[in-house]
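Residues per chain, in single letters:
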Amino acid sequence: MKYVDEFRDGNIASGLAAAIAREANPARRYQFMEFCGGHTHAISRHGVADLLPPNVRMIHGPGCPVCVLPIGRVDLAINLALERGVVLCSYGDTLRVPASNGRSLLKAKAEGADVRMVYSAADALKIARATLAREVVFFAIGFETTTPPTALVLREARSSAVANFSVLCNHVLTPAAIVNILESPEVRTLGTVPLDGFVGPAHVSTVIGTEPYEFFAQEYRKPVVITGFEPLDVLQAILMLVRQVNEGRTEVENQFSRVVSREGNVKAQALVAEVFELRRAFEWRGLGTVPYSALAIRAEFAAFDAERRFGLQYRAVPDNKACECGAILRGVKRPIECKLFGTACTPETPMGSCMVSSEGACAAHYSYGRFRDRAPVTPAATPAAVNA
Amino acid sequence: MCLAVPARILRLEAGDMALVDVGGVRKQVSVALVDGLVPDEYVIVHVGYALARIDPAAAAATLVAMAAAGINAGALV
């Protein structure tokens, strides 16, 4: 596929890896956080971590909207479907997220709830138009990439007066989460990982542009490289970060210039501003309550806001005590340091949200990296060989 | 979740829609978020919506820089 295959070329990858190894100073350590789940997945799937020298480490950040969706928000959706009898439309990503009492949207569906997986927000509105006798709720999640489509659908629902349609909004914001990682009070209890720079989101940045990251480069003195989702993109970005660190620069650089501009998609931004406003606070799984980190539906669209329409009250629910998603989402722990990883918690039976989405740090490591952690079994180490 | 795929515009249709080619698969997507698209341009598509156009010159320049970085330290801009 054009714009995909050529950015997966093995020869160029070897060249970039050699350049990173050549330029990374062996006397120092480089720790870069890839904020976005798309990068986490690409790094695991394409074995990018194996191409890096030992002193260059990638830390997986919280940029997976499924992983940061707290139990209480999934409970709201499940209750709407089970107790209020709505048709609940959701992206496939959220169906298996573990909620209270061992439930998930998929299990609610098995209990008889009308939960429907949709590819697009527009499909949810289509279902509402075809099911006028029922309330249809779209369970909207996602970062800035996914928000403009929801805004378009809300605007269309209002202009064409689709009276049985509403949106349960869980859209969250990237810059607020990065600030939280850099300076939240929880850092004191969980500890923190010194970060030398960020691999910035690819598709989030198509919408918001590179300008919002300039603050991090200036205020926190951290280099940021906005990066595409293919393996060559990630390798090139790591090389650019290594160079910034070596040269003492803290700038926003745009590796993904084929799609991302400094100002972003201004039309999409205007649309989002027309339909949504900032929430004072929103709970993130793993990060806790983060001020001004999410969007709510504006009063002008109140009739299409499921929280107002059904009088929903959010109730925070603590995560499973043994689950280390909180520390993993901050890069303080690695998946294998969680007791549940690969035993009680697997992609088939996820306990924590990092195991649900293929972009979650735990699921990505389970799928592509878990055998790397084990010491290789050599013939000399087996009892038979020793006896012989 | 923020997965988006490159798609080539085949035909613009009524209601801000377009028929696109995604690696050989034809699909109808919304182009309401990107103005002024013409057939044969590439866009990235996320949950059924084109989010941005792909700049072919920038893509080519990126590939050249990637290849050069492997040969010559300091070549990457």
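I will try to describe carefully the structure that is included in this document. (Residues numbered from 1 in each chain as written. Chains lettered and ligands numbered in written order. Predicted model: local features only at pLDDT ≥ 70, side-chain atom pairs only at ≥ 80, totals over all residues.)

## With respect to the sheet that holds strand β1 (residues 30–36) of chain A
Residues and elements named next belong to chain A.
And step 1. Ordered in space as β2-β1-β7-β8-β9, the five strands form an open sheet in which the pairing is parallel. Both edges of this open sheet fall to β2 (56–63) and β9 (252–254), since each of them pairs with a single strand only. When strand polarity is set aside, the average angle formed by the axes of neighbouring strands in this sheet is 25°.
And step 2. In this structure, strand β8 (residues 224–226) lies alongside β9, joined through three bridges in parallel fashion. The residue bridging I226 from the neighbouring strand is N254, located in β9.
And step 3. Where helix α7 (residues 174–183) meets the sheet, it contacts β1, β2 and β7 (197–200), and its direction lies at approximately 125° from that of β2. (Pairing = 2+ DSSP bridges. Helix = DSSP H or I, 4+ residues; strand = E, 2+ residues; numbered from the N terminus. Axes fitted to C-alpha atoms, helices over the stretch in contact; angles between N-to-C directions. Contact = placed C-beta atoms within 7 Å.)

## With respect to the pairing of strand β4 (residues 42–46) of chain B
Residues and elements named next belong to chain B.
And step 1. Among the five residues that make up β4, five are buried, leaving the element largely enclosed by the rest of the structure.
And step 2. Neither face of β4 is open: one carries Y42, I44 and H46, the other V43 and V45, and all of them are buried.
And step 3. Two elements, strand β1 (residues 5–13) and β4, share four bridges in a ladder whose sense is antiparallel. Following the sheet pairing, P6 is matched in β4 by I44.
And step 4. With four bridges connecting them, β4 and strand β5 (residues 49–53) associate as antiparallel partners. Bridged to V45 within β5 is A50. (Buried ≥ 20, exposed ≤ 12 C-beta atoms within 10 Å, placed from the backbone.)

## Describing the nonpolar core
All names here are of chain A.
And step 1. With 151 residues, the main nonpolar core has L16, I20, A77, L88, V137, L235 and I238 as its most contacted residues.
And step 2. Top element by residues in this core is helix α11 (residues 231–247). It accounts for 10 residues.
And step 3. Sequence-distant contacts of I238, that is, excluding residues within four places in its chain, are made with I20, F32, L52 and V56. (Core = buried A, V, L, I, M, F, W, Y, C linked by C-beta atoms within 7 Å.)

Note that every value here comes from positions in space, so none of it alone points to a role or purpose.
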